[in-house]
Amino acid sequence: MASRAPAATGRLLVGFRKWYYNAAGFNKIGLMRDDTIHEDSDVKEALRRLPEKVYNDRMFRLKRALDLSMKQAVMPKEQWTQYEEDVHYLEPYLEEVIRERKEVEEWSKK
């Protein structure tokens, strides 16, 4: 019985994440999680490093979301971004930028 507890907890956590993902609402206008990250200097540098197709896809999603928002509309439910389909496309680039910035800050201290 004890071996099932972590699995049940894991399923519960995934269920909560899916619920929260849908409750946030950005998926209803076709956005992915990384599309909603606040653009500070680190994020802007990470965006600059994205491959062109990934950047263009992001811009398309943002423009479509802005248009839907202006119309106070959402996409048809079958077109919503699903939790399982949401790719954290910016995260690896952002982690690299932050790591590099921290490295430069450490060198500057010396």
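An unreviewed UniProt entry annotates the protein chain as Cytochrome b-c1 complex subunit 7 of Salvelinus namaycush. The Subcellular location (unreviewed entry) comment attached to the protein chain in UniProt states, word for word, "Mitochondrion inner membrane". What UniProt records for the protein chain under Sequence similarities (unreviewed entry) is the sentence "Belongs to the UQCRB/QCR7 family."

Trainee: Hey, could you run me through the overall build of the protein chain in this one?
Mentor: Within the protein chain one finds four helices and zero strands. Starting at the N terminus and walking to the C terminus, you meet the elements of the protein chain as α-α-α-α. In terms of C-alpha radius of gyration, the protein chain reaches 18 Å, well past the compact-globule figure of 13 Å for 110 residues. The C-alpha extent of the protein chain, read off along each of the three principal axes, is 50 × 50 × 20 Å. Scored against the burial criterion, the 110 residues of the protein chain give a buried share of 25%. Considering only contacts in the protein chain between residues 6 or more positions apart, those separated by 24 or more positions represent 81%. Accessible surface computed for the protein chain: about 8,300 Å², of which carbon and sulfur atoms make up 58%. Positive and negative side-chain charges in the protein chain, numbering 21 and 20 respectively, have mean positions lying 5 Å apart.

Trainee: Mind showing me how you'd approach the packing of helix 2 (residues 41–49) against helix 4 (residues 91–109) here?
Mentor: In a pair of packed helices, the angle between the axes and the distance between the axes together describe the arrangement. Between helix 2 and helix 4, whose axes approach to 8 Å, the crossing angle comes to 125 degrees. Put simply, helix 2 runs oblique to helix 4. The way helix 2 lies across helix 4 gives a crossing that is right-handed. Facing D42, V43, E45, A46 and R49 of helix 2, the residues of helix 4 in contact are Y93, L94, E96, V97, I98, E100 and R101.

Trainee: Help me understand the nonpolar core in this model?
Mentor: Burial of nonpolar side chains together is a common tendency in soluble globular proteins. If you look at the biggest cluster of nonpolar residues, it comprises nine residues: M32, V43, A46, L47, L50, Y89, L90, L94 and V97. Those elements that place two or more of their residues in this core are helix 2 and helix 4. Ranked by residue count, the leading element in this core is helix 2, at three residues. The residues contacting V43, other than those within four sequence positions of it, are I37, H38, L90 and L94.

Trainee: I'm lost on the packing of aromatic side chains in this one. Help?
Mentor: Each aromatic ring pair is described using two quantities: the centre-to-centre distance and the angle formed by the ring planes. In total, this model carries four aromatic pairs according to the counting rule given. An aromatic cluster is present here, built from F16, W19 and Y20 joined pairwise through their rings.

Trainee: So what exactly am I meant to see when it comes to the pattern of salt bridges here?
Mentor: Any two side chains of opposite charge can pair if their charged atoms end up close together. This model, assessed by the stated rule, comprises 16 salt bridges. Salt-bridge contacts for D57 lead to K53; the nearest nitrogen and oxygen are separated by 3.0 Å. With D57 and K53 both in helix 3 (residues 52–70) and four residues apart, this pair spans about one turn of that helix. A relative accessible area of 32% means that D57 is categorised as partly exposed.

Calculation criteria
- Numbers given to residues run from 1 along each chain, matching the order in which its sequence is written.
- The model is predicted, so local features are restricted to residues of pLDDT at least 70 and side-chain atom pairs to those at 80 or more, both for listing and for counting; the totals for chains, interfaces and linings are taken over all residues.
- Side-chain calculation: all heavy atoms of the structure are included, whereas hydrogens and water are not.
- UniProt positions are given in the numbering used here, feature names are shortened, and annotations may be inferred rather than shown by experiment.
- Secondary structure follows DSSP: runs of H or I at least 4 residues long count as helices, runs of E at least 2 residues long count as strands, and numbering of each begins at the N terminus.
- With the radius of gyration taken over C-alpha atoms, the globule rule is written as 2.2 Å times the number of residues to the power 0.38.
- Burial here depends on accessible area, computed with a 1.4 Å probe over protein chains only, as a share of the maximum for the residue type. Under 20% is buried, over 50% is exposed, and the range in between is partly exposed.
- Here a residue-residue contact requires only that any non-hydrogen atoms of the pair lie within 4.5 Å.
- For every accessible area listed, the method is Shrake-Rupley and the probe measures 1.4 Å; residues are considered covered only by the protein chains on display.
- Counting rule applied: Lys, Arg positive; Asp, Glu negative; His and chain ends not counted.
- Taken as the charge location is NZ of Lys, CZ of Arg, CG of Asp or CD of Glu.
- Here an angle of 0 to 180 degrees is reported between the N-to-C directions of two axes, which are lines fitted to C-alpha atoms, with helices fitted over the stretch in contact.
- Roughly parallel means an angle under 35 degrees; roughly antiparallel, over 145; roughly perpendicular, 65 to 115; everything else is oblique.
- Handedness of each helix crossing follows the sense of rotation of the near helix against the far helix: counterclockwise by less than a right angle gives left-handed, clockwise gives right-handed.
- Put simply, buried Ala, Val, Leu, Ile, Met, Phe, Trp, Tyr and Cys residues joined by side-chain atoms within 4.5 Å make one nonpolar core.
- Each Phe, Tyr or Trp ring (for Trp, its six-membered ring) is paired with any other whose centre lies within 6.5 Å, and the angle between the two planes then decides the class: stacked below 30 degrees, edge-to-face above 60, tilted in between.
- Whenever Lys or Arg places a side-chain nitrogen within 4 Å of a carboxyl oxygen from Asp or Glu, that contact is recorded as a salt bridge.

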